[in-house]
Amino acid sequence: MLRTTYSPLSTAFRVALQGRRSFSQSHFLANKRWSDLVHRTKAASHIHEISAAELNNHIQGQSPSSSETAPVIIDVREGSELELGKIPHAISIPRGVLELRIEKIVNIDSNRPIVLYCAGGLRSVMAAEALQRMGYDNEKIKSLNGGFELWREEGYDIEC
């Protein structure tokens, strides 16, 4: 009969390995926590969303840069994401510097609506909440539901 012995070190090492999460498990949990945070923020801050179809209707036939009723469209994606294109008339302000740069684009007292978008619609919710905290009118701030990915999937115009 073969007898196996375990040293305390090898047992501790084995237990540690069993309890360790793989990268994909950790990545999944981090993403779940992020999306949970976004959904809680959206509910607590009453973030309004706009569909791709609604936004497209708002910008059709208008030059958003010259109309007082056309939305100011802010792309909060990072520089590398812009290679995929952008929504027509959108102004790029990466999420990380939004609070620093937004007032140069849209005055806090402006009557123009602001539509924020990112790749999938999550960062733009957090960006909308940041603008609310800065004092922008909640009724004028919207996040694009589904973000740029859904805009592109639905076949709307894209600027390169």
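See the structure above.
Notes on the structure in this doc start here. (Residues numbered from 1 in each chain as written. Predicted model: local features only at pLDDT ≥ 70, side-chain atom pairs only at ≥ 80, totals over all residues. Heavy atoms only, no water.)

1. Some thoughts on the environment of Thr69
Inclusion rule: Each helix corresponds to a stretch of at least 4 residues labelled H or I by DSSP, and each strand to a stretch of at least 2 residues labelled E; elements are numbered beginning at the N terminus.
Note that Thr69 resides in the loop between α3 (52-59) and β2 (72-75). Separated by 42 residues in sequence, Thr69 and Asn111 have C-alpha atoms that sit 7.7 Å apart.

2. Let's talk about unusual backbone geometry
Of note in the backbone geometry, His46 takes a positive phi value of approximately 55 degrees without being a glycine. Tracing the backbone shows His46 in the loop between α2 (23-45) and β1 (48-50). The phi torsion at His89 lies on the positive side, around 70 degrees, for a residue other than glycine. Residue placement: His89 occurs in the loop between β2 and β3 (91-92).

3. With respect to the nonpolar core
Quick note on the threshold: Put simply, a nonpolar core is a bunch of buried Ala, Val, Leu, Ile, Met, Phe, Trp, Tyr and Cys residues held in one set by side-chain atoms that sit within 4.5 Å of each other. Here's how the labels work: a residue is buried when its accessible area is under 20% of the maximum for its type, exposed when over 50%, partly exposed in between, all with a 1.4 Å probe on protein chains only. Residues count as neighbours in contact if any of their non-hydrogen atoms are within 4.5 Å of one another.
Membership of the largest hydrophobic core comes to 19 residues, with the highest contact counts inside it found for Ile74, Leu98, Ile102, Leu116 and Leu131. Listing elements by their share of this core, those giving two or more residues are β2, α4 (98-105), β4 (114-117) and α5 (123-134). Per-element tally for this core: the top contributor is α5, with 5 residues. Apart from residues no more than four positions distant in its own chain, Ile102 is found in contact with Ile74, Ile93, Leu131, Met134 and Tyr136. If you look at the next biggest cluster of nonpolar residues, it comprises 13 residues, including Ala90, Leu144, Phe148 and Tyr156.

Note that all results are geometric; they support no functional claim without further evidence.
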